[in-house]
Each structure stands twice: as structure tokens, then as C-alpha cells.
Amino acid sequence: MDVTTLSTVSTTQPIVITGVQYSPASPRVNDWITTTVTIVNNSSVNQNTPFQVNVQGTAVTVSSLAAGAQTTVTVPNGFTYTYPGTQTLNTAVIYPISA
């Protein structure tokens, strides 16, 4: 199965996705997929309001990120695919967290 990544990136947002990796690297049908997302705070202001990194509907909350800092977030066993072929991996930063 081939997996392509689709990251929602906005140049107007302070927090952006700079990298996405998934494991296993070549998932098969019904393999649970763990995703590692690298994010960076592109602003000169500390991000002290929590935000989420969302992969295929499973989110991990990040409590803060210093100005100019980079961090890696792991979304464990967030999803699987049920049919073979090329798949799209949707990844987004949700800021601020909506209720």
C-alpha cells in the first residue's frame, strides 16, 4: 500500500507542520499506523495556548511551544486502512482548540 501525506499548512499561522513520518513505513491493509509529526513555532512569540496535532481524526494536544522552537509529536496507532492502493494521510494543526 502506498501512503501519501496531506498536511494542512498555512503561512499565516504561527505553528506549522514541517514533517510527517508514519510507521510501519509500508503499511498493509489493517496495519495500525503510528504517525510522527514535526511542528515548529515560526513566530517570535511563545505559544502558551494549547493546540492539537490531528492525524486522520486522532488528535494529540501540545500544551505550549516556545518562539522558534521545534518539537515532534507522536500520534500512536491512530488509524488503519481497510483496502489496498494509494491512501492519503491527512494531518493538521488545530489552533486554537475548538470546544
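As the structure is a computational prediction, the values presented were derived from the model and not from experiment.

**Q** Please clarify how the overall build of the chain should be interpreted in this entry.
**A** When its secondary structure is counted, the chain shows 0 helices and 7 strands. Sorting the 99 residues of the chain into buried and exposed places 31% on the buried side. Across the chain, every contact between residues at least 6 apart in sequence was considered, and the portion connecting residues at least 24 apart equals 61%. Total accessible area on the chain stands at roughly 5500 Å², and carbon and sulfur atoms take up 48% of it.

**Q** How do you make sense of the side chain of Asn-54 when you look at a structure like this?
**A** Structurally, Asn-54 can be placed in strand S4 (residues 51-55). A polar atom in the side chain of Asn-54 sits 2.9 Å from the backbone nitrogen of Gly-57. Each residue touching Asn-54, except ones within four places of it in the same chain, is listed here: Ala-59, Asn-90, Thr-91, Ala-92 and Ile-94.

**Q** How should the nonpolar core be read in this particular structure?
**A** One broad trend across soluble globular proteins is that nonpolar side chains are buried collectively. Core analysis: the largest hydrophobic core is formed by 17 residues, its most contacted members being Val-37, Ile-39, Phe-51 and Val-53. Of all the secondary structure elements, the ones that give two or more residues to this core are strand S2 (15-23), strand S3 (33-41), S4, strand S6 (70-79) and strand S7 (86-94).

**Q** Help me understand the packing of aromatic side chains, please; the structure alone is not making it clear to me.
**A** Ring pairs (aromatic) are described by centroid distance and by the angle formed between their planes. Under the definition given, this model contains 1 aromatic pair. Aromatic side chains Phe-79 and Tyr-81 sit 5.5 Å apart centroid to centroid with 75° between the ring planes, which places their arrangement in the edge-to-face category. Taking the relative accessible area as the measure of exposure, Tyr-81 reaches 8% and is therefore buried.

**Q** So what exactly am I meant to see when it comes to the environment of Leu-89 here?
**A** Topologically, Leu-89 is positioned in strand S7. For Leu-89, a relative accessible area of 0% translates into the label buried. Along the primary structure Leu-89 and Val-55 are separated by 34 residues, whereas in three dimensions their C-alpha atoms are 7.3 Å apart.

**Q** Looking at this structure, how should I read the side chain of Asn-41?
**A** Of note, Asn-41 is situated in strand S3. A polar contact is formed between the side chain of Asn-41 and the backbone oxygen of Ala-66, at a distance of 3.3 Å. Every residue in contact with Asn-41, bar those within four places of it in the chain, is listed here: Pro-14, Ile-15, Asn-46, Gln-47, Leu-65, Ala-66, Ala-67, Gly-68 and Ala-69.

Cut-offs used in this document
- Residues numbered from 1 in each chain as written.
- Predicted model: local features only at pLDDT ≥ 70, side-chain atom pairs only at ≥ 80, totals over all residues.
- Heavy atoms only, no water.
- Helix = DSSP H or I, 4+ residues; strand = E, 2+ residues; numbered from the N terminus.
- Buried < 20%, exposed > 50% of the residue type's maximum accessible area, 1.4 Å probe, protein only.
- Contact = heavy atoms within 4.5 Å.
- Areas by Shrake-Rupley, 256 points an atom, 1.4 Å probe, with all protein chains shown as cover.
- Polar contact = N/O pair within 3.5 Å; in protein donor to acceptor, adjacent residues only side chain to side chain.
- Core = buried A, V, L, I, M, F, W, Y, C linked by side-chain atoms within 4.5 Å.
- Phe/Tyr/Trp six-rings, centres within 6.5 Å; stacked < 30°, edge-to-face > 60°.

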